Amino acid sequence: MRRVSIFGATGSIGQNTIDLIGRDPDAYDVVALTGGQNITQLAEDARRLRADVAVTADEARLDELRAALAGTDVEAAAGAEAIAEAAARPADWVMSAIVGAAGLRPGLVALEQGATLALANKESLVTAGALIMDTAATSDGQILPVDSEHSAVFQGLVGEDMSAVERIIITASGGAFRDWALEDMAKATPEQASSHPNWNMGQRITIDSASMFNKALEVIETKEFFKCSHEMIEVLVHPESLVHALVGFNDGALMAHVGPPDMRHAIGYALHYPERRKLPVARLDLAKIGALHFRDPDLHRYPALRLAHEVLAMGGHAGAVFNAAKEVALDGFIDHRIGFLQMAEVVEEVLERLSGSQCLKNAEMTLDTVTETDHLARKTALEVIKEQNR
Ligand code: NDP
Ligand code: MG
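These lines cover the structure that appears in this document, whether it is placed above or below. (Residues numbered from 1 in each chain as written. Chains lettered and ligands numbered in written order. Predicted model: local features only at pLDDT ≥ 70, side-chain atom pairs only at ≥ 80, totals over all residues. Heavy atoms only, no water.)

Around ligand 1, 25 residues are found, and the nearest of them are Thr10, Ser12, Gly36, Gln37 and Glu123. One of the backbone N or O atoms of Ala120 is found 3.4 Å from an oxygen atom in ligand 1. Grouping the constituent residues of the shell around ligand 1 by class yields 12 nonpolar, 10 polar and 3 charged. (Near = heavy atom within 4 Å. Polar contact = N/O pair within 3.5 Å; in protein donor to acceptor, adjacent residues only side chain to side chain. Nonpolar A, V, L, I, M, F, W, Y, C, P; charged D, E, K, R; others polar.)

As C-alpha coordinates, then:
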(Lines give C-alpha, C1' and ligand atoms only; values in the text may rest on other atoms or scores of the structure.)
(Ligands and ions follow the chains in the order given, each with its own letter.)
Protein backbone atom coordinates (compact mmCIF):
# COMPACT_ATOMS: atom_id res chain seq x y z
CA MET A 1 0.00 0.00 0.00
CA ARG A 2 1.20 3.50 -0.74
CA ARG A 3 1.62 5.74 2.26
CA VAL A 4 0.12 9.16 1.58
CA SER A 5 -0.27 12.39 3.57
CA ILE A 6 -2.32 15.43 2.65
CA PHE A 7 -1.41 18.88 3.98
CA GLY A 8 -4.34 21.27 3.57
CA ALA A 9 -6.73 18.31 3.35
CA THR A 10 -9.82 20.42 4.11
CA GLY A 11 -9.25 22.88 1.27
CA SER A 12 -10.23 22.80 -2.37
CA ILE A 13 -7.12 20.89 -3.57
CA GLY A 14 -7.13 18.71 -0.45
CA GLN A 15 -10.74 17.66 -0.99
CA ASN A 16 -10.10 16.88 -4.66
CA THR A 17 -7.14 14.74 -3.60
CA ILE A 18 -9.30 12.92 -1.06
CA ASP A 19 -11.90 12.36 -3.76
CA LEU A 20 -9.31 10.49 -5.86
CA ILE A 21 -7.80 8.53 -2.98
CA GLY A 22 -11.24 7.71 -1.55
CA ARG A 23 -12.17 5.95 -4.83
CA ASP A 24 -9.48 3.34 -4.24
CA PRO A 25 -9.14 3.12 -0.43
CA ASP A 26 -7.36 -0.26 -0.45
CA ALA A 27 -4.46 1.18 -2.44
CA TYR A 28 -3.56 3.86 0.11
CA ASP A 29 -2.41 3.94 3.69
CA VAL A 30 -3.20 7.45 4.91
CA VAL A 31 -0.56 8.74 7.31
CA ALA A 32 -1.45 12.39 8.05
CA LEU A 33 -4.26 14.77 7.19
CA THR A 34 -4.00 18.44 8.17
CA GLY A 35 -6.47 21.30 8.16
CA GLY A 36 -7.10 24.67 9.73
CA GLN A 37 -10.52 25.82 10.90
CA ASN A 38 -12.69 23.12 9.35
CA ILE A 39 -12.50 20.61 12.20
CA THR A 40 -15.66 18.75 11.17
CA GLN A 41 -14.33 17.97 7.70
CA LEU A 42 -10.88 17.07 8.99
CA ALA A 43 -12.26 14.64 11.56
CA GLU A 44 -14.74 13.11 9.12
CA ASP A 45 -12.04 12.42 6.49
CA ALA A 46 -9.54 11.19 9.08
CA ARG A 47 -12.12 8.70 10.40
CA ARG A 48 -13.20 7.53 6.96
CA LEU A 49 -9.67 7.18 5.58
CA ARG A 50 -8.31 5.78 8.90
CA ALA A 51 -5.46 8.28 9.06
CA ASP A 52 -2.71 7.79 11.64
CA VAL A 53 -2.88 11.43 12.68
CA ALA A 54 -5.07 14.49 12.07
CA VAL A 55 -3.62 17.94 12.72
CA THR A 56 -5.30 21.33 12.87
CA ALA A 57 -3.14 24.41 12.42
CA ASP A 58 -5.07 26.11 15.23
CA GLU A 59 -3.80 25.13 18.69
CA ALA A 60 -6.92 26.57 20.31
CA ARG A 61 -9.06 23.95 18.58
CA LEU A 62 -7.21 20.81 19.68
CA ASP A 63 -9.86 19.78 22.23
CA GLU A 64 -12.56 20.09 19.62
CA LEU A 65 -10.57 17.90 17.20
CA ARG A 66 -9.94 15.35 19.97
CA ALA A 67 -13.64 15.21 20.75
CA ALA A 68 -14.51 14.78 17.07
CA LEU A 69 -12.09 11.84 16.84
CA ALA A 70 -13.18 10.16 20.09
CA GLY A 71 -13.55 6.40 19.79
CA THR A 72 -11.12 6.12 16.86
CA ASP A 73 -7.42 5.25 16.68
CA VAL A 74 -6.65 8.56 14.94
CA GLU A 75 -4.21 10.73 16.90
CA ALA A 76 -5.12 14.40 17.21
CA ALA A 77 -2.56 17.21 17.20
CA ALA A 78 -2.45 20.96 16.67
CA GLY A 79 -0.17 23.84 15.71
CA ALA A 80 2.57 24.55 13.18
CA GLU A 81 5.08 22.32 15.05
CA ALA A 82 2.65 19.42 14.95
CA ILE A 83 2.16 19.94 11.21
CA ALA A 84 5.94 19.80 10.70
CA GLU A 85 6.11 16.69 12.89
CA ALA A 86 3.39 15.07 10.77
CA ALA A 87 5.42 15.89 7.64
CA ALA A 88 8.40 14.03 9.12
CA ARG A 89 6.38 10.81 9.37
CA PRO A 90 7.48 8.50 6.55
CA ALA A 91 5.16 8.70 3.54
CA ASP A 92 5.67 7.85 -0.13
CA TRP A 93 3.51 10.63 -1.56
CA VAL A 94 2.66 13.93 0.09
CA MET A 95 0.20 16.53 -1.15
CA SER A 96 1.30 20.08 -0.31
CA ALA A 97 -1.97 22.06 -0.43
CA ILE A 98 -1.84 24.43 2.51
CA VAL A 99 -2.56 27.95 1.29
CA GLY A 100 0.14 30.61 1.70
CA ALA A 101 3.68 30.74 3.05
CA ALA A 102 2.70 28.33 5.88
CA GLY A 103 2.95 25.53 3.29
CA LEU A 104 6.71 25.84 2.84
CA ARG A 105 8.03 24.13 5.97
CA PRO A 106 5.97 20.91 5.82
CA GLY A 107 6.94 20.52 2.15
CA LEU A 108 10.64 20.84 2.97
CA VAL A 109 10.34 18.33 5.81
CA ALA A 110 8.46 15.86 3.59
CA LEU A 111 11.17 16.11 0.91
CA GLU A 112 13.89 15.59 3.51
CA GLN A 113 12.29 12.31 4.60
CA GLY A 114 12.34 11.20 0.95
CA ALA A 115 8.72 11.69 -0.14
CA THR A 116 7.42 12.54 -3.58
CA LEU A 117 5.96 16.00 -3.00
CA ALA A 118 2.92 16.83 -5.10
CA LEU A 119 3.24 20.61 -4.98
CA ALA A 120 0.06 22.68 -5.20
CA ASN A 121 1.38 25.26 -2.73
CA LYS A 122 2.92 27.60 -5.31
CA GLU A 123 4.07 29.90 -2.52
CA SER A 124 6.83 27.36 -1.70
CA LEU A 125 8.48 27.94 -5.07
CA VAL A 126 7.82 31.68 -5.05
CA THR A 127 9.23 32.35 -1.59
CA ALA A 128 12.01 29.77 -1.54
CA GLY A 129 12.49 28.32 -5.02
CA ALA A 130 16.22 27.67 -4.70
CA LEU A 131 15.80 26.13 -1.24
CA ILE A 132 13.01 23.72 -2.11
CA MET A 133 14.55 22.70 -5.45
CA ASP A 134 17.94 22.09 -3.77
CA THR A 135 16.25 20.09 -1.00
CA ALA A 136 14.59 17.91 -3.63
CA ALA A 137 17.90 17.47 -5.46
CA THR A 138 19.92 16.54 -2.39
CA SER A 139 17.34 14.29 -0.69
CA ASP A 140 15.66 11.12 -1.91
CA GLY A 141 12.51 13.17 -2.49
CA GLN A 142 11.18 14.64 -5.72
CA ILE A 143 8.72 17.40 -6.60
CA LEU A 144 5.84 16.97 -9.04
CA PRO A 145 3.90 20.10 -9.98
CA VAL A 146 0.16 20.22 -9.30
CA ASP A 147 -0.66 23.76 -10.35
CA SER A 148 -2.56 23.07 -13.58
CA GLU A 149 -0.31 25.18 -15.83
CA HIS A 150 2.86 23.65 -14.44
CA SER A 151 1.50 20.12 -14.62
CA ALA A 152 0.65 20.91 -18.26
CA VAL A 153 4.18 22.18 -19.01
CA PHE A 154 5.66 19.19 -17.18
CA GLN A 155 3.59 16.84 -19.33
CA GLY A 156 4.62 18.75 -22.47
CA LEU A 157 8.27 18.19 -21.58
CA VAL A 158 8.11 14.41 -21.18
CA GLY A 159 10.80 12.96 -23.47
CA GLU A 160 12.00 16.42 -24.49
CA ASP A 161 15.27 18.19 -23.85
CA MET A 162 15.00 21.53 -22.06
CA SER A 163 17.69 22.93 -24.38
CA ALA A 164 15.20 22.66 -27.27
CA VAL A 165 12.62 24.79 -25.45
CA GLU A 166 12.30 28.40 -26.61
CA ARG A 167 9.23 29.55 -24.70
CA ILE A 168 6.82 28.45 -22.02
CA ILE A 169 3.36 29.95 -22.29
CA ILE A 170 0.98 29.73 -19.34
CA THR A 171 -2.63 30.73 -19.83
CA ALA A 172 -4.86 32.87 -17.63
CA SER A 173 -8.65 32.97 -17.69
CA GLY A 174 -8.62 36.66 -16.83
CA GLY A 175 -10.58 35.95 -13.64
CA ALA A 176 -13.74 37.58 -12.40
CA PHE A 177 -13.04 41.03 -13.90
CA ARG A 178 -11.79 40.00 -17.32
CA ASP A 179 -14.23 42.25 -19.12
CA TRP A 180 -14.61 45.00 -16.51
CA ALA A 181 -13.55 48.63 -17.05
CA LEU A 182 -10.61 49.73 -14.89
CA GLU A 183 -12.83 52.26 -13.02
CA ASP A 184 -15.15 49.43 -12.03
CA MET A 185 -12.24 47.21 -10.95
CA ALA A 186 -11.15 49.99 -8.58
CA LYS A 187 -14.51 49.69 -6.80
CA ALA A 188 -14.75 45.90 -6.87
CA THR A 189 -15.72 44.14 -3.63
CA PRO A 190 -14.19 40.94 -2.20
CA GLU A 191 -17.50 39.18 -2.87
CA GLN A 192 -17.35 40.11 -6.57
CA ALA A 193 -13.70 39.05 -6.80
CA SER A 194 -14.45 35.70 -5.16
CA SER A 195 -16.33 34.15 -8.05
CA HIS A 196 -14.28 32.57 -10.82
CA PRO A 197 -15.75 32.11 -14.31
CA ASN A 198 -14.29 28.60 -14.86
CA TRP A 199 -12.52 27.12 -11.84
CA ASN A 200 -13.89 26.26 -8.42
CA MET A 201 -11.05 27.07 -5.97
CA GLY A 202 -10.33 28.48 -2.51
CA GLN A 203 -11.26 32.15 -1.93
CA ARG A 204 -7.70 33.49 -1.81
CA ILE A 205 -6.54 32.02 -5.12
CA THR A 206 -9.84 33.06 -6.72
CA ILE A 207 -9.26 36.71 -5.79
CA ASP A 208 -5.62 36.34 -6.90
CA SER A 209 -6.95 35.19 -10.26
CA ALA A 210 -9.03 38.35 -10.64
CA SER A 211 -5.97 40.54 -9.92
CA MET A 212 -3.62 38.17 -11.82
CA PHE A 213 -1.44 37.97 -8.73
CA ASN A 214 -2.05 34.25 -9.13
CA LYS A 215 -0.55 34.34 -12.63
CA ALA A 216 2.32 36.50 -11.35
CA LEU A 217 3.06 33.84 -8.72
CA GLU A 218 2.87 31.23 -11.47
CA VAL A 219 5.39 33.08 -13.67
CA ILE A 220 7.84 32.94 -10.74
CA GLU A 221 6.87 29.32 -10.06
CA THR A 222 7.62 28.46 -13.72
CA LYS A 223 11.07 30.04 -13.59
CA GLU A 224 11.96 28.29 -10.33
CA PHE A 225 10.63 24.86 -11.22
CA PHE A 226 11.74 24.59 -14.85
CA LYS A 227 14.89 26.65 -14.29
CA CYS A 228 14.36 28.64 -17.49
CA SER A 229 15.13 32.32 -18.03
CA HIS A 230 12.25 34.62 -17.18
CA GLU A 231 12.34 36.10 -20.69
CA MET A 232 11.13 32.70 -21.97
CA ILE A 233 7.92 32.83 -19.95
CA GLU A 234 4.78 34.30 -21.50
CA VAL A 235 1.25 34.76 -20.20
CA LEU A 236 -1.69 34.44 -22.56
CA VAL A 237 -5.29 35.30 -21.69
CA HIS A 238 -7.52 32.38 -22.64
CA PRO A 239 -11.10 32.85 -21.40
CA GLU A 240 -12.19 29.21 -21.90
CA SER A 241 -9.51 27.79 -19.51
CA LEU A 242 -9.14 24.63 -21.61
CA VAL A 243 -5.59 25.08 -22.89
CA HIS A 244 -3.58 25.17 -19.65
CA ALA A 245 -0.11 25.80 -21.05
CA LEU A 246 1.98 25.52 -24.20
CA VAL A 247 5.63 24.65 -24.68
CA GLY A 248 7.33 26.24 -27.69
CA PHE A 249 10.27 24.35 -29.21
CA ASN A 250 13.15 25.50 -31.38
CA ASP A 251 11.62 23.87 -34.47
CA GLY A 252 8.57 26.13 -34.21
CA ALA A 253 6.26 23.49 -32.72
CA LEU A 254 3.93 24.47 -29.90
CA MET A 255 2.79 21.59 -27.69
CA ALA A 256 -0.48 22.53 -26.00
CA HIS A 257 -2.05 20.76 -23.05
CA VAL A 258 -5.83 20.76 -23.41
CA GLY A 259 -8.25 19.50 -20.78
CA PRO A 260 -11.30 20.38 -18.68
CA PRO A 261 -10.84 22.84 -15.79
CA ASP A 262 -10.79 20.13 -13.14
CA MET A 263 -7.87 19.97 -10.70
CA ARG A 264 -8.31 16.23 -10.34
CA HIS A 265 -6.46 15.89 -13.64
CA ALA A 266 -3.24 17.53 -12.38
CA ILE A 267 -3.58 15.91 -8.93
CA GLY A 268 -4.20 12.49 -10.50
CA TYR A 269 -1.26 12.89 -12.88
CA ALA A 270 1.02 13.60 -9.90
CA LEU A 271 -0.54 10.74 -7.91
CA HIS A 272 0.07 8.10 -10.57
CA TYR A 273 3.21 9.52 -12.23
CA PRO A 274 4.99 8.24 -14.26
CA GLU A 275 1.94 6.18 -15.25
CA ARG A 276 -1.22 7.63 -16.74
CA ARG A 277 -4.36 6.16 -15.23
CA LYS A 278 -8.05 6.65 -15.86
CA LEU A 279 -9.36 9.73 -14.06
CA PRO A 280 -12.94 10.82 -13.34
CA VAL A 281 -12.74 14.09 -15.30
CA ALA A 282 -15.01 15.19 -18.16
CA ARG A 283 -13.95 14.38 -21.73
CA LEU A 284 -13.94 17.47 -23.94
CA ASP A 285 -16.07 17.67 -27.05
CA LEU A 286 -14.06 20.19 -29.06
CA ALA A 287 -16.57 20.25 -31.92
CA LYS A 288 -19.23 21.38 -29.45
CA ILE A 289 -16.87 23.96 -27.92
CA GLY A 290 -16.16 25.22 -31.45
CA ALA A 291 -13.65 27.99 -30.80
CA LEU A 292 -10.85 28.82 -28.40
CA HIS A 293 -9.75 32.42 -27.85
CA PHE A 294 -6.40 33.94 -26.92
CA ARG A 295 -5.16 37.46 -26.33
CA ASP A 296 -2.26 39.25 -24.68
CA PRO A 297 -2.83 40.44 -21.11
CA ASP A 298 -3.13 44.19 -20.62
CA LEU A 299 -0.28 45.02 -18.22
CA HIS A 300 -1.98 48.29 -17.36
CA ARG A 301 -4.92 46.37 -15.90
CA TYR A 302 -2.73 43.71 -14.34
CA PRO A 303 0.40 45.35 -12.85
CA ALA A 304 1.08 42.14 -10.90
CA LEU A 305 2.44 40.57 -14.12
CA ARG A 306 4.97 43.36 -14.57
CA LEU A 307 5.97 43.04 -10.90
CA ALA A 308 6.59 39.29 -11.32
CA HIS A 309 9.25 39.96 -13.95
CA GLU A 310 10.78 42.67 -11.74
CA VAL A 311 10.94 40.19 -8.86
CA LEU A 312 12.68 37.62 -11.07
CA ALA A 313 15.18 40.22 -12.23
CA MET A 314 15.90 41.09 -8.55
CA GLY A 315 16.32 37.40 -7.66
CA GLY A 316 17.29 36.01 -4.23
CA HIS A 317 14.70 36.72 -1.56
CA ALA A 318 12.57 39.10 -3.67
CA GLY A 319 10.00 36.32 -4.17
CA ALA A 320 9.51 36.04 -0.41
CA VAL A 321 8.95 39.81 -0.21
CA PHE A 322 6.52 39.72 -3.12
CA ASN A 323 4.49 36.84 -1.71
CA ALA A 324 4.33 38.18 1.86
CA ALA A 325 3.34 41.68 0.72
CA LYS A 326 0.71 40.13 -1.55
CA GLU A 327 -0.71 38.04 1.32
CA VAL A 328 -1.00 41.12 3.57
CA ALA A 329 -2.53 43.19 0.75
CA LEU A 330 -5.01 40.39 0.05
CA ASP A 331 -6.00 40.28 3.75
CA GLY A 332 -6.48 44.06 3.54
CA PHE A 333 -8.75 43.73 0.52
CA ILE A 334 -10.78 40.86 2.04
CA ASP A 335 -11.25 42.95 5.24
CA HIS A 336 -12.29 46.03 3.21
CA ARG A 337 -9.25 48.02 4.38
CA ILE A 338 -7.89 48.58 0.86
CA GLY A 339 -9.33 48.62 -2.65
CA PHE A 340 -8.84 45.98 -5.33
CA LEU A 341 -6.30 47.94 -7.40
CA GLN A 342 -4.53 49.13 -4.26
CA MET A 343 -3.23 45.59 -3.67
CA ALA A 344 -0.65 45.97 -6.47
CA GLU A 345 0.29 49.47 -5.26
CA VAL A 346 1.03 48.10 -1.80
CA VAL A 347 3.14 45.24 -3.16
CA GLU A 348 5.08 47.53 -5.49
CA GLU A 349 5.81 49.98 -2.66
CA VAL A 350 7.01 47.18 -0.35
CA LEU A 351 9.34 45.84 -3.06
CA GLU A 352 10.74 49.30 -3.59
CA ARG A 353 11.29 49.96 0.12
CA LEU A 354 13.00 46.63 0.70
CA SER A 355 14.99 46.49 -2.53
CA GLY A 356 18.15 47.71 -0.79
CA SER A 357 17.66 45.74 2.43
CA GLN A 358 20.16 43.20 3.71
CA CYS A 359 17.44 40.55 3.66
CA LEU A 360 17.08 40.77 -0.08
CA LYS A 361 20.80 40.66 -0.71
CA ASN A 362 21.27 37.56 1.45
CA ALA A 363 23.11 35.14 -0.84
CA GLU A 364 22.35 32.06 1.20
CA MET A 365 18.75 30.86 1.39
CA THR A 366 17.57 28.88 4.42
CA LEU A 367 14.17 28.49 6.07
CA ASP A 368 15.34 31.11 8.61
CA THR A 369 16.36 33.72 6.00
CA VAL A 370 13.09 33.18 4.12
CA THR A 371 11.05 33.46 7.33
CA GLU A 372 12.93 36.60 8.37
CA THR A 373 12.30 38.19 4.96
CA ASP A 374 8.65 37.15 5.08
CA HIS A 375 8.19 38.83 8.49
CA LEU A 376 9.94 42.03 7.42
CA ALA A 377 7.82 42.26 4.26
CA ARG A 378 4.58 41.68 6.21
CA LYS A 379 5.50 44.43 8.69
CA THR A 380 6.41 46.81 5.86
CA ALA A 381 3.18 46.02 4.00
CA LEU A 382 1.11 46.85 7.08
CA GLU A 383 2.97 50.17 7.41
CA VAL A 384 2.41 50.97 3.73
CA ILE A 385 -1.32 50.25 4.02
CA LYS A 386 -1.54 52.50 7.09
CA GLU A 387 0.28 55.33 5.29
CA GLN A 388 -1.71 54.99 2.07
CA ASN A 389 -4.98 55.10 4.02
CA ARG A 390 -4.05 58.20 6.01
P1 NDP B 1 -8.13 26.53 0.32
O2 NDP B 1 -8.23 27.86 0.94
O3 NDP B 1 -9.34 25.90 -0.26
O4 NDP B 1 -7.49 25.48 1.37
C5 NDP B 1 -6.35 25.80 2.11
C6 NDP B 1 -6.01 24.68 3.09
O7 NDP B 1 -4.96 25.15 3.97
C8 NDP B 1 -7.15 24.28 4.01
O9 NDP B 1 -6.99 22.94 4.37
C10 NDP B 1 -6.93 25.20 5.21
O11 NDP B 1 -7.59 24.72 6.36
C12 NDP B 1 -5.44 25.13 5.33
N13 NDP B 1 -4.82 26.26 6.00
C14 NDP B 1 -5.17 27.57 5.93
N15 NDP B 1 -4.31 28.32 6.64
C16 NDP B 1 -3.39 27.47 7.17
C17 NDP B 1 -2.23 27.65 8.00
N18 NDP B 1 -1.84 28.85 8.43
N19 NDP B 1 -1.53 26.54 8.37
C20 NDP B 1 -1.91 25.32 7.95
N21 NDP B 1 -2.99 25.09 7.16
C22 NDP B 1 -3.71 26.16 6.77
O23 NDP B 1 -6.97 26.64 -0.79
P24 NDP B 1 -6.83 25.88 -2.16
O25 NDP B 1 -7.05 24.42 -1.97
O26 NDP B 1 -7.54 26.59 -3.21
O27 NDP B 1 -5.28 26.12 -2.46
C28 NDP B 1 -4.25 25.44 -1.75
C29 NDP B 1 -2.92 25.74 -2.41
O30 NDP B 1 -2.94 25.22 -3.74
C31 NDP B 1 -2.61 27.24 -2.58
O32 NDP B 1 -1.25 27.44 -2.46
C33 NDP B 1 -3.08 27.55 -3.99
O34 NDP B 1 -2.40 28.63 -4.56
C35 NDP B 1 -2.72 26.25 -4.69
N36 NDP B 1 -3.51 25.96 -5.88
C37 NDP B 1 -4.86 25.80 -5.80
C38 NDP B 1 -5.62 25.53 -6.93
C39 NDP B 1 -7.10 25.29 -6.83
O40 NDP B 1 -7.71 24.90 -7.83
N41 NDP B 1 -7.75 25.48 -5.72
C42 NDP B 1 -4.99 25.44 -8.25
C43 NDP B 1 -3.57 25.57 -8.22
C44 NDP B 1 -2.86 25.82 -7.08
P45 NDP B 1 -9.16 25.11 6.72
O46 NDP B 1 -9.87 25.25 5.41
O47 NDP B 1 -9.60 23.92 7.51
O48 NDP B 1 -9.11 26.36 7.52
MG1 MG C 1 -2.76 27.61 -11.80
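Moving on, we come to the packing of aromatic side chains. Applying the stated rule across the entire model yields 9 aromatic pairs. Centroid distance Phe154 to Tyr273: 5.4 Å. Interplanar angle 55°. Geometry classified as tilted. Placement of the pair is Phe154 in helix 7 (residues 148–156) and Tyr273 in the loop between helix 12 (263–272) and helix 13 (286–289), with a sequence separation of 119 residues. Residue Tyr273 is classed as partly exposed on the basis of its relative accessible area, which comes to 30%. By way of ring pairs, the aromatic residues Phe154, Phe225, Phe226, Tyr269 and Tyr273 are connected into one cluster. (Phe/Tyr/Trp six-rings, centres within 6.5 Å; stacked < 30°, edge-to-face > 60°. Helix = DSSP H or I, 4+ residues; strand = E, 2+ residues; numbered from the N terminus. Buried < 20%, exposed > 50% of the residue type's maximum accessible area, 1.4 Å probe, protein only.)

If you walk across this open sheet you meet the 7 strands as 4-3-2-1-5-6-7, and the pairing is parallel. Every interior strand has two partners, whereas the edge strands, strand 4 (75–78) and strand 7 (142–145), have only one. The average angle at which neighbouring strand axes cross in this sheet is 20°, direction not considered. Relative to strand 4, strand 3 (residues 53–56) runs parallel, the two being bridged by 4 bridges. Looking at strand 4, one finds that Thr56 is bridged to Ala78. (Pairing = 2+ DSSP bridges. Axes fitted to C-alpha atoms, helices over the stretch in contact; angles between N-to-C directions.)

Distances from the magnesium ion (ligand 2) to its protein donors, Asp147 (OD), Glu149 (OE) and Glu218 (OE), fall within 2.1 to 2.2 Å. Sequence spacing of the donors to the magnesium ion (ligand 2): D-x1-E-x68-E. One end of the pair, Asp147, is in the loop between strand 7 and helix 7; the other, Glu218, is in helix 11 (residues 213–226), and 71 residues separate them in sequence. (Donors = N, O, S within 2.8 Å, 3.2 Å for Na, K, Ca; no water.)

Counting buried positions along helix 7 gives 9 out of 9 residues, so the element sits mostly inside the fold. Residues of helix 7 that are buried include every one of Ser148, Glu149, His150, Ser151, Ala152, Val153, Phe154, Gln155 and Gly156, and no others.

The next thing to look at is the sheet that holds strand 10 (residues 243–249). What the 4 strands build is an open sheet, ordered 9-8-10-11; its pairing is mixed. Where the open sheet ends on each side, the last strands, each with one partner, are strand 9 (233–237) and strand 11 (254–258). Taking the axes of each pair of neighbouring strands and ignoring which way they run, one obtains an average angle of 20° across the sheet. Sheet topology places strand 8 (residues 165–172) next to strand 9; 5 bridges connect them, and they run parallel. Within the sheet, the bridge partner assigned to Thr171 lies in strand 9 and is Leu236.

Core analysis: the biggest nonpolar cluster contains 131 residues, and Leu33, Trp93, Met95, Phe322, Phe340, Met343 and Val350 have the highest contact counts within it. The element best represented in this core is helix 15 (residues 318–334), accounting for 11 residues. Leave out the neighbours within four places in its chain, and Val350 touches Val321, Ala325, Ala377, Thr380, Ala381 and Val384. (Core = buried A, V, L, I, M, F, W, Y, C linked by side-chain atoms within 4.5 Å. Contact = heavy atoms within 4.5 Å.)

Let's shift gears to empty space enclosed by the protein. Tallied over the full model, the rule gives 2 cavities of 30 Å³ or more. The space that makes up the largest cavity amounts to roughly 60 Å³. Listed by contribution, the elements that provide at least two residues to the lining of the largest cavity are helix 7 and helix 12. Among the residues making up the lining of the largest cavity, the classes are represented as 5 nonpolar, 5 polar and 1 charged. (1 Å grid on protein atoms, 1.4 Å probe; cavity = no way out; pocket = protein on both sides within 12 Å on 5 of 7 lines; lining within 4 Å. Points joined across faces, edges and corners; volume = space filled by probe spheres on them.)

What follows deals with a negative patch on the surface. On the surface, a cluster of negative charge is contributed by Glu160, Asp161, Glu166 and Asp251. Note that Asp251 resides in the loop between strand 10 and strand 11. (Patch = residues over 30% accessible without salt bridge, like charges linked within 9 Å, V, L, I, M, F, W, Y side chains within 5 Å. Areas by Shrake-Rupley, 256 points an atom, 1.4 Å probe, with all protein chains shown as cover. Salt bridge = Lys/Arg side-chain N within 4 Å of Asp/Glu carboxyl O. Lys, Arg positive; Asp, Glu negative; His and termini not counted. Charge placed at Lys NZ, Arg CZ, Asp CG, Glu CD.)

This part is about the pairing of strand 6 (residues 116–119). Side chains of strand 6 alternate between two faces, with Thr116 and Ala118 and Leu117 and Leu119 buried alike. In terms of strand pairing, strand 5 (residues 93–96) meets strand 6 through 4 bridges, oriented parallel. Note that in strand 6 the partner of Trp93 across the bridge is Thr116. Chirality of the crossover, the property in question, places the unit of strand 5, helix 5 (residues 104–112) and strand 6 among those that are right-handed. Where strand 6 and strand 7 come together, 4 bridges link them in parallel fashion. Bridging across to strand 7, Leu117 finds its partner in Ile143. What joins strand 6 to strand 7 is helix 6 (residues 122–138), and the crossover it makes is right-handed. (Right-handed = clockwise from strand over helix to strand, strands pointing away.)

Another aspect to go through is the environment of Gly252. Along the polypeptide, Gly252 turns up in the loop between strand 10 and strand 11. Residue classification places Gly252 among the exposed positions, given a relative accessible area of 62%. Considering only alpha carbons, one finds Gly252 and Ser241, 11 residues apart in sequence, at a separation of 23 Å.

Turning next to unusual backbone geometry. Residues Tyr273 and Pro274 are joined by a peptide bond in cis, for which omega reads 5°. Relative to the assigned elements, Pro274 resides in the loop between helix 12 and helix 13. Positioned with a positive phi, Lys227 is a non-glycine residue whose angle comes to about 50°. Summarising the element assignment, Lys227 is placed in the loop between helix 11 and strand 9. For Lys227, a relative accessible area of 59% corresponds to the exposed category. Of note, the phi angle at His336 is positive, near 65°, even though the residue is not glycine. Structurally, the position occupied by His336 is in the loop between helix 15 and helix 16 (342–354).

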